[in-house]
Amino acid sequence: MLVNSLQILDISLGISLSYLTIVFLIRLILTWYPKIDLSKGLWLLISIPSSSILNLTRKLIPPIGGVDVGPVIWIGVISFLREILVGQQGLIKLALHTHIS
């Protein structure tokens, strides 16, 4: 039971963190194209999960020289969390390995 729960957590967390990394990477690229309207069409899949997080980040760290560094910060944070939790030597992988063997 615990092993199944850990496997489901591992897969779902891995997919979620990968999706967020892609979202913030696309947001980073979209900062070069400010005329794109993120409130229409498929852009909503990018703007909805990232807008509130980036608004909080902008309050703490304002744009530097007109460049929003929020997406870069979140790509780093999410990549770090992904490696710590579901990477090859991540905590969930280690917990799975100890319960399986």
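Counting starts from 1 at the beginning of each chain's written sequence and moves along it residue by residue. Owing to the predicted nature of the model, reporting of local features is limited to residues with pLDDT of at least 70; listing and counting of side-chain atom pairs is limited to 80 or more, with chain, interface and lining totals taken over all residues. With hydrogens and water excluded, all non-hydrogen atoms of the structure serve as input to the side-chain values.

1. Looking at helix 2 (residues 44-60)
Right, so step 1: With 17 residues, helix 2 should reach 24 Å at 1.5 Å per residue; the first-to-last C-alpha distance of 24 Å fits that figure.
Right, so step 2: Bend angle per residue: angle between axes fitted to the 7 residues ending at that residue and the 7 residues starting there. Counting from the N terminus, the helices are the DSSP runs of H or I reaching at least four residues and the strands are the DSSP runs of E reaching at least two. When the local axis directions of helix 2 are compared, the greatest deviation, roughly 45°, occurs at Ser-51.
Right, so step 3: Restricting attention to buried positions, one finds in helix 2 the residues Ile-46, Ser-47, Ser-50, Leu-54 and Thr-57.
Right, so step 4: Any two residues whose heavy atoms approach within 4.5 Å are treated as being in contact. Summarising the contacts, the buried residues of helix 2 are in contact with helix 1 (2-30) and helix 3 (70-86). In a helix, the anticipated span is given by 1.5 Å times the number of residues less one. Only protein chains enter the accessibility calculation, which uses a 1.4 Å probe; a residue whose area is less than 20% of its type maximum is buried, one above 50% is exposed, and one in between is partly exposed.

2. Points about the pattern of salt bridges
Right, so step 1: Should a side-chain nitrogen of Lys or Arg be within 4 Å of a carboxyl oxygen of Asp or Glu, the pair is scored as a salt bridge. Enumeration over the complete set of coordinates arrives at three salt bridges.
Right, so step 2: In this structure, Asp-37 engages Lys-40 in a salt bridge whose closest nitrogen and oxygen atoms are separated by 3.8 Å.

3. Things to note about a nonpolar patch on the surface
Right, so step 1: On the surface, Leu-60, Ile-61, Ile-64, Ile-73, Val-77, Phe-80, Leu-81, Ile-84 and Leu-91 cluster together into a nonpolar patch covering about 830 Å² of accessible area.
Right, so step 2: Looking at the nonpolar patch, the element that brings in the most residues is helix 3, giving five residues.
Right, so step 3: Within the secondary structure, Ile-84 is located in helix 3.
Right, so step 4: Since its relative accessible area comes to 38%, Ile-84 is described here as partly exposed. A patch consists of residues whose relative accessible area exceeds 30% and which take part in no salt bridge; residues with like charges are grouped when within 9 Å of each other, and nonpolar side chains (Val, Leu, Ile, Met, Phe, Trp, Tyr) when within 5 Å. To measure how exposed things are, a 1.4 Å probe is used in the Shrake-Rupley method; for residues, cover is taken only from the protein chains shown.

4. Points about the side chain of Ser-50
Right, so step 1: Within the fold, Ser-50 resides in helix 2.
Right, so step 2: Side chain to side chain, Ser-50 and Arg-27 meet in a polar contact 2.9 Å long.
Right, so step 3: Setting aside residues no more than four positions away along its own chain, Ser-50 makes contact with Val-23, Phe-24 and Arg-27. Polar contact criterion, stated in full: a pair of N or O atoms within 3.5 Å, where within protein one must be able to donate a hydrogen and the other to accept it, and residues adjacent in sequence count only if both atoms are side-chain atoms.

5. Observations concerning the packing of aromatic side chains
Right, so step 1: Stacked, tilted and edge-to-face pairs are distinguished by plane angle, under 30 degrees for stacked and over 60 for edge-to-face with tilted covering the rest, among Phe, Tyr and Trp rings (Trp via its six-membered ring) whose centres lie within 6.5 Å. Taken as a whole and assessed by the stated rule, the structure comprises one aromatic pair.
Right, so step 2: Residues Phe-24 and Trp-74 carry aromatic rings whose centres are separated by 6.3 Å and whose planes lie at 20° to one another, so their mutual orientation is stacked. Of this pair, Phe-24 sits in helix 1 while Trp-74 sits in helix 3; the two residues are 50 residues apart in sequence, bridging distant segments of the chain.
Right, so step 3: Taking the relative accessible area as the measure of exposure, Phe-24 reaches 0% and is therefore buried.
Right, so step 4: The partly exposed category is assigned to Trp-74, whose relative accessible area is 26%.

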